[in-house]
Amino acid sequence: MAVNPPVVLLRKAADYAVITLNRPEKLNACTVPLLEGLKAALDDANADPCCRAIVLTGAGRGFCAGQDLNERKPVEGQVPDLGASLLEYYNPVILAIRQSDKPVICAVNGVAAGAGANIALACDIVLAADTAKFIQAFARVGLGPDAGGSWLLPRLIGDARARALALLAEPIGAAQAQAWGMIWETVAGDSVLDRAQALAAELATRPPGSFAAIKQAFLASSGNSLSEQLALEAQLQRKAGHSEDYRIGVNAFLAGEQPRFVGR
Ligand code: LHQ
């Protein structure tokens, strides 16, 4: 009997994890098993102290084509509840990325559409192959934005561009996305995953306490006043100042040496 390959792969290198969406024949469109697998892989990597950075990518020529529309095909006489699908499967994935204390690097290897585009944009550092495209495809199928797009996009590229992208639902290429500040870097050829893994390996040598503070501070900043944010920074910095890595970093600087962080 043929066994289907897992729709999400989790591979652990020495000190970072690589999560691969693995339905290449459908451009990694999201089914319930794929979203459950992605959430489980993120939870696993988040809980593993050996894993100090996470890379997310797609198998084959696409990154993720968003919701698998076959799975959510309208059925005569039935009222679909897409809201429930978001609450149960998509929102936990977006929060697992944003609330993780670890840097999540997305290697967008090809087209990223609908919720697939917004899963990519939720990541901390987004790299894209120069052939990749981002499509806010929702309005093509009669839907509004989801998977955090209406929160992320205006913050990343400003209100005017975010509105036009969502309303027109037209693809933009990686170079344009980079020029607009939607992603960090465009990578030529087929080396986007290599580049993401090199970055992950580099980040894995850096102090995880700093990354936790950075991610917690940025996550809170959109809902905080300046005074609240200043208070949070002081709280996070107090904690960071107690770490072994702070002592190592400062001593190395003062001695003119490279720090060798221990992750505590
Ligand atoms: C697909 C899909 C797909 C199924 C490609 N589904 N098969 C919605 C509802 C519920 C709750 C939560 O949130 C959402 C939010 C959303 O994500 S709505 C947006 C859903 N995504 C889209 O509307 C994008 C649909 N796909 C496309 O427009 C194209 O496939 C793109 C532009 C992504 C790529 O085009 P091509 O490079 O020309 O590839 P293709 O269209 O030939 O696709 C390759 C295969 O993948 C093909 O299957 P087949 O068996 O014919 O070879 C497609 O049917 C399949 N596929 N996207 N979302």
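An account of the accompanying structure is given in this report. Note that the coordinates shown come from a computational prediction; the quantities given were computed from them, not determined experimentally.

### Observations regarding the sheet that holds strand β9 (residues 172-173)
Here 4 strands make up an open sheet; going across it, the order is β4-β6-β8-β9 and the pairing mixed. What marks the edges here is a single partner per strand, and that holds for β4 (62-64) and β9.

### Notes on the site of the ligand
Close to the ligand lie 23 residues; K26, R61, Q67, L69 and D146 are nearest. At 2.9 Å from a nitrogen atom of the ligand is found a main-chain nitrogen or oxygen belonging to A65. Between the ligand and D146 there is a distance of 2.6 Å, counted from an oxygen atom to a side-chain nitrogen or oxygen. No other element matches the 4 residues that helix α2 (residues 82-98) contributes to the shell around the ligand. For the shell around the ligand, the residue count by class is 13 nonpolar, 4 polar and 6 charged.

### Some words on the packing of helix α1 (residues 32-47) against α2
Look at α1 against α2: their axes get within 9 Å of each other, and the N-to-C directions meet at 25 degrees. Judged by the inter-axis angle, α1 sits roughly parallel to α2. When you trace α1 past α2, the crossing you get is left-handed. Here α1 contributes V32, L35, E36, L38, K39, L42, D43 and N46 to the contact with α2, which in turn contributes Y89, Y90, P92, V93, A96 and I97. When its residues are assigned to classes, the contact of α1 with α2 shows 10 nonpolar, 1 polar and 3 charged.

### Comments concerning the sheet that holds strand β2 (residues 17-21)
The strand order across the open sheet formed by 6 strands is β1-β2-β3-β5-β7-β10, and the pairing between neighbours is mixed. Each edge of the sheet is formed by a strand with only one pairing partner; in this case those strands are β1 (8-12) and β10 (185-187). In this sheet, neighbouring strand axes are inclined to one another by 20 degrees on average, regardless of whether the strands run parallel or antiparallel. In this sheet, strand β7 (residues 125-129) lies alongside strand β5 (residues 104-108) in parallel orientation, the contact comprising 4 bridges. Bridge pairing in β7 places A107 opposite L127. Most of the contacts of α1 go to β1, to which it runs at about 15 degrees, and overall it touches β1, β2 and β3 (54-58).

### Topic: a nonpolar patch on the surface
A cluster of nonpolar side chains, L69, L82, V141 and L143, forms an exposed patch at the surface whose accessible area comes to about 320 Å². Secondary-structure assignment places L69 in the loop between β4 and α2.

### Some words on the nonpolar core
Within the largest apolar cluster, 50 residues are counted, with the highest numbers of intra-cluster contacts made by L38, F63, V108, F134, M182 and I183. With near-sequence residues (within four places) excluded, F134 lies in contact with V108, A112, L121, A128, E170, P171, I172, A174, A177, M182 and I183.

### Considerations on unusual backbone geometry
For residues that are not glycine, phi is negative in most cases, and the peptide bond is trans in most cases. Phi is positive for L27, which is not a glycine, with a value near 50 degrees. Structurally, L27 is set in the loop between β2 and α1. Unusually for a residue other than glycine, A147 sits at a positive phi of about 55 degrees. For A147, the position within the fold is in the loop between β8 (133-135) and α4 (149-157).

### Focus: the pairing of β3
In terms of burial, β3 is a largely internal element, 5 of the 5 residues being buried. Residues I54, L56 and G58 of β3 are buried on one face, and the alternating residues V55 and T57, pointing to the opposite face, are buried as well. Bridge count for β2 against β3 is 5 bridges, and the pairing is parallel. Bridge assignment links A17 to a residue of β3, and that residue is I54. Of the crossover connections in this fold, the one passing from β2 over α1 to the parallel β3 is right-handed. Of the strand pairs in this sheet, β3 and β5 are connected by 4 bridges, and their pairing is parallel. Bridging from a neighbouring strand, I54 pairs with V104 of β5.

### Some points on the packing of aromatic side chains
One pass over the full model with this rule turns up 0 aromatic pairs. A cation sits over an aromatic face here: R155 above W151, 3.9 Å from the ring centre.

### Quick notes on the pattern of salt bridges
Pairing of side chains with opposite charge becomes possible as their charged atoms draw close. Summed over all chains, the structure comprises 10 salt bridges. The partner of E71 in a salt bridge is R72, and the shortest N-O contact between them spans 3.9 Å. According to the relative accessible area criterion, E71 is partly exposed, its value standing at 30%. Residues E202 and R206 are paired through a salt bridge, measuring 2.7 Å at the closest nitrogen-oxygen approach. On the basis of relative accessibility, which here comes to 36%, the residue E202 falls in the partly exposed class.

Conventions used here
- Along every chain, residues carry numbers that run from 1 in the direction the sequence is written.
- The predicted nature of this model means local features are confined to residues of pLDDT at least 70 and side-chain atom pairs, given and counted, to a pLDDT of 80 or more, with totals for whole chains, interfaces and linings taken over all residues.
- Side-chain descriptors were evaluated using all non-hydrogen atoms of the structure, hydrogens and water having been removed beforehand.
- What makes two strands pair is DSSP finding at least two bridges between them.
- A run of H or I in DSSP becomes a helix once it reaches four residues, and a run of E becomes a strand once it reaches two; helices and strands are each numbered from the N terminus.
- We call a residue near a molecule or strand when any one of its heavy atoms sits within 4 Å of it.
- In the analysis that follows, any N or O atom pair within 3.5 Å is treated as a polar contact, provided that within protein one partner can donate a hydrogen and the other can accept it, and provided that, for residues neighboring in sequence, both atoms belong to side chains.
- Residue type decides the class: Asp, Glu, Lys and Arg count as charged, Ala, Val, Leu, Ile, Met, Phe, Trp, Tyr, Cys and Pro as nonpolar, and the leftover types, Gly among them, as polar.
- Lines fitted to C-alpha atoms define the axes, with helix axes restricted to the stretch in contact, and inter-axis angles between N-to-C directions lie between 0 and 180 degrees.
- An angle below 35 degrees is read as roughly parallel, one above 145 as roughly antiparallel, one from 65 to 115 as roughly perpendicular, and any other as oblique.
- Handedness of a helix crossing follows the sense of rotation of the near helix relative to the far helix, less than a right angle counterclockwise being left-handed and clockwise being right-handed.
- Note on contacts: a residue pair qualifies if any of its non-hydrogen atoms lie within 4.5 Å across the two residues.
- Think of a patch as exposed residues, more than 30% relative accessible area, with no salt bridge, where like charges cluster within 9 Å and nonpolar side chains (Val, Leu, Ile, Met, Phe, Trp, Tyr) cluster within 5 Å.
- Reported accessibility uses the Shrake-Rupley method at a 1.4 Å probe radius. Residues are deemed covered only where the shown protein chains occlude them.
- Definition used for salt bridges: Asp or Glu carboxyl oxygen within 4 Å of a side-chain nitrogen of Lys or Arg.
- Residues grouped as a nonpolar core are buried Ala, Val, Leu, Ile, Met, Phe, Trp, Tyr and Cys residues, joined through side-chain atoms within 4.5 Å.
- Burial classes follow relative accessibility: with a 1.4 Å probe on protein chains only, a residue under 20% of its type's maximum area counts as buried, one over 50% as exposed, and anything between as partly exposed.
- By convention a crossover is right-handed if, when the strands point away from the viewer, the path from the first strand over the helix to the second runs clockwise.
- In this analysis, rings of Phe, Tyr and Trp, with Trp reduced to its six-membered ring, are considered paired at centre separations within 6.5 Å, and the interplanar angle assigns stacked below 30 degrees, edge-to-face beyond 60, and tilted for intermediate values.
- In this scheme, Lys NZ or Arg CZ marks a charge over a ring once it lies within 6 Å of the ring centre and within 35 degrees of the ring normal.

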